[in-house]
Amino acid sequence: MAFSLYRLHLFLLPFLALIYTTESNLSKDYYEKTCPQFSDTMEKIIVEKQMAAPTTAAGILRVFFHDCVVGGCDATILIASNAQGSTERDAEINQSLPGDAFDLVVRLKTALELACPDTVSCADILAVATRNLITMVGGPHYEVLLGRKDGLVSRASDVEGHIATPYMPVDKLIAIFASKNLTVQELVTLSGAHTIGFSHCSEFSKRIFNFNSTSQIDPTLNPNFAQALRKLCANYTKETGMSAFNDVMTPGKFDNMYYINLQNGMGLLASDQALISDARTKPYVDLYAKNQTAFFDAFARAIEKVSLYQVKTGKDGEIRKRCDAFNNAKPTMAS
Ligand code: HEM
């Protein structure tokens with residue numbers, strides 16, 4: 001029995017390696033010789049941008065996650081649609097990704113191309129910008145291994161089924177995360193990203209205006225919170241930009257308040273609030289609500305794991321000259 005399990009393990013190894021790139025392909029000091037200015041240039045521009053536009057941190061974190069779970073952390077979410085077709089960025093779920101996040105990447109890439117041409121990948125830029133911004137708004141610091149290449153395929157049609165949506169039941173959330181080799185605990189941990197940023201009223205309007213035939217308001221919502229949201233979103237169908245903070249108590253700070261909010265019925269999205277109603281996820285919500293260190297440690301490990309998901313190296317990718325176009329992109333009508 002032990003022997004056959006061992007053989008099975010050997011058989012599976014190459015496939016497992018395909019899912020999460022082994023750390024040996026990437027390294028901590030990848031740009032040390034080829035672009036010694038890498039870290040300082042990144043830090044300077046990120047700080048400037050975040051000071052000028054404080055919603056950038058949340059925007060980048062969401063862009064990074066949406067990039068990684070669709071075909072790996074390969075910056076294919078940055079590719080603009082062109083004559084060849086509609087790209088990941090234009091999939092319906094990605095249309096709400098904020099311009100400030102994309103703007104930051106353009107600034108970083110421009111500066112790095114001047115300092116060290118054709119050297120730093122957009123995928124590494126996105127991974128490091130995400131880490132630096134999480135830390136800058138109060139979250140944990142973690143290691144980002146470098147050497148990702150930029151992906152060569154970006155199709156809007158590849159996105160569906162890889163990204164969770166707010167009215168999915170917990171079973172479905174667990175299944176989507178499991179399809180990325182992420183555990184139930186990692187689902188709860190990574191959802192803690194909603195400690196920053198905001199959501200448009202349309203993403204939770206059903207919970208406050210037309211929940212079901214007997215109640216307009218989702219009974220799992222704190223009643224005062226629900227009334228405040230109804231007021232805020234009263235005209236959301238006309239004012240489509242109306243949004244609420246994901247963490248109403250400490251919206252710009254990366255902390256464990258998200259989990260305390262869930263305990264108080266103040267989770268904004270149905271998928272947030274559901275995490276405390278399900279016996280598989282509730283223990284982690286309670287743990288993180290009372291222990292921020294446990295949350296930070298787990299978040300750092302989980303996002304580090306995400307940042308290695310299906311990473312491209314060697315000939316499987318390229319170093320793009322600009323982050324919104326493949327190097328071999330044919331000119332479009334507009335350009
Ligand atoms: C568990 C399933 C999840 C669902 C259903 C979900 C859904 C959403 C939705 C609907 C929004 C609002 C978008 C808008 O209206 O503009 C949002 C925002 C956000 N999500 Fe998630 N999300 C999930 C997990 C995650 C994970 C794992 C991360 C990152 C690790 C993440 C990071 C963010 C961030 C940072 C924002 C705020 C974006 C901003 O302010 O620009 N989410 N999410």
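A few words now on the overall build of the protein chain. If you tally the helices and strands in the protein chain, you get 13 helices and two strands. The C-alpha atoms of the protein chain give a radius of gyration of 21 Å, which matches the 20 Å a tight globule of 335 residues would have. By its C-alpha atoms, the protein chain is 60 × 60 × 35 Å across when sized along the principal axes. Split into buried and exposed, the 335 residues of the protein chain put 48% on the buried side.

This paragraph deals with the coordination of the iron atom of the ligand. Inspection of the coordination sphere of the iron atom of the ligand shows a single protein donor, H194 (NE2), at 2.1 Å. Mapped onto the elements, H194 comes out in the loop between helix 7 (184–191) and strand 1 (198–200).

Moving on: the pattern of salt bridges. All chains considered together, the criterion is met by 15 salt bridges. For the salt bridge of D100 with K49, the shortest nitrogen-to-oxygen distance reads 2.8 Å. Separated by 51 residues along the polypeptide, D100 in helix 4 (residues 99–115) and K49 in helix 2 (residues 38–52) bring together distant segments of the chain. Taking relative accessible area as the criterion, K49 reaches 7% and is therefore assigned buried. One salt-bridge network, held together by shared partners, links K49, D100, D103 and R107.

This part is about the domain arrangement of the protein chain. You can read the domains of the protein chain as domain 1 (23–162 + 307–316) and domain 2 (170–303). Taking only C-alpha atoms into account, the centre of domain 1 sits 25 Å from that of domain 2. Of the residues lining the interface, 19 residues belong to domain 1; the matching set on domain 2 comes to 17 residues. Here domain 1 and domain 2 share an interface that buries about 1500 Å² over both sides, 75% of which is from carbon and sulfur atoms. Contact with domain 2 buries area across many residues of domain 1, yet L61, V137 and P140 alone supply 30% of it, more than any other trio.

A complete count under the given rule lists four disulfides for this structure. Sulfur-sulfur distance for the disulfide between C68 and C73 comes to 2.1 Å. Its S-S torsion of approximately 120° makes the covalent link between C68 and C73 right-handed. For the pair formed by C68 and C73, the shared burial category is buried. The disulfide partner of C122 is C323, and the gap between their sulfur atoms is 2.2 Å. As the torsion about the S-S bond is roughly -95°, the C122-C323 disulfide counts as left-handed. With C122 in helix 5 (residues 122–136) and C323 in the segment after helix 13 (292–306), this pair connects stretches of sequence that are 201 residues apart.

This brings us to the site of the ligand. Close to the ligand lie 23 residues; H194, G197, F198, S199 and H200 are nearest. Within the side chain of H194, an N or O atom sits 2.9 Å from a nitrogen atom of the ligand. Contacts to the ligand include F198, whose backbone N or O atom sits 2.9 Å from an oxygen atom. Broken down by element, the shell around the ligand gets its largest block of residues, four residues, from helix 3 (residues 56–68). In the shell around the ligand, the residues fall into eleven nonpolar, ten polar and two charged. Residues from two domains meet in the shell around the ligand; each of domain 1 (23–162 + 307–316) and domain 2 (170–303) gives at least three.

Cut-offs applied
- For every chain, the first residue of its written sequence is number 1, and the numbers climb from 1 along that sequence.
- Where local features are concerned, this predicted model is filtered to residues with pLDDT of at least 70; where side-chain atom pairs are given and counted, the filter is 80 or more; whole-chain, interface and lining totals use all residues.
- To obtain the side-chain values, all non-hydrogen atoms of the structure were used and water was disregarded.
- Helix and strand definitions here come from DSSP, where helices need a minimum of 4 consecutive H or I residues and strands a minimum of 2 consecutive E residues; each element is numbered from the N-terminal end.
- Each radius of gyration is computed over the set of C-alpha atoms, and the globule rule expresses the reference value as 2.2 Å times the number of residues to the power 0.38.
- The cut-offs for exposure are 20% and 50% of the maximum accessible area for each residue type, with area from a 1.4 Å probe on protein chains only; residues under the lower value are buried, those over the upper are exposed, and the others partly exposed.
- For Na, K and Ca the donor cutoff is 3.2 Å, while for all other metals N, O and S atoms must lie within 2.8 Å; water is not among the atoms, so some sites may look incomplete.
- In what follows, salt bridge is the name for a side-chain nitrogen of Lys or Arg lying within 4 Å of a carboxyl oxygen of Asp or Glu.
- Residue ranges for the domains originate in an automatic or database domain assignment.
- Between two residues, a contact is recorded if the distance between any of their heavy atoms is within 4.5 Å.
- Buried area: the accessible surface (1.4 Å probe) lost by two parts on joining, summed over both.
- For this text, the term disulfide refers to a pair of cysteine sulfurs within 2.5 Å.
- By convention in this text, a residue qualifies as near a molecule or strand provided that one of its non-hydrogen atoms is within 4 Å of it.
- Identification of polar contacts relies on pairs of N or O atoms within 3.5 Å, with a donor-acceptor requirement for protein atoms, meaning one able to donate a hydrogen and the other able to accept it, and with residues adjacent in sequence counted only if both atoms are side-chain atoms.
- Each residue receives one of three labels: charged for Asp, Glu, Lys and Arg, nonpolar for Ala, Val, Leu, Ile, Met, Phe, Trp, Tyr, Cys and Pro, and polar for the others, Gly being one of them.

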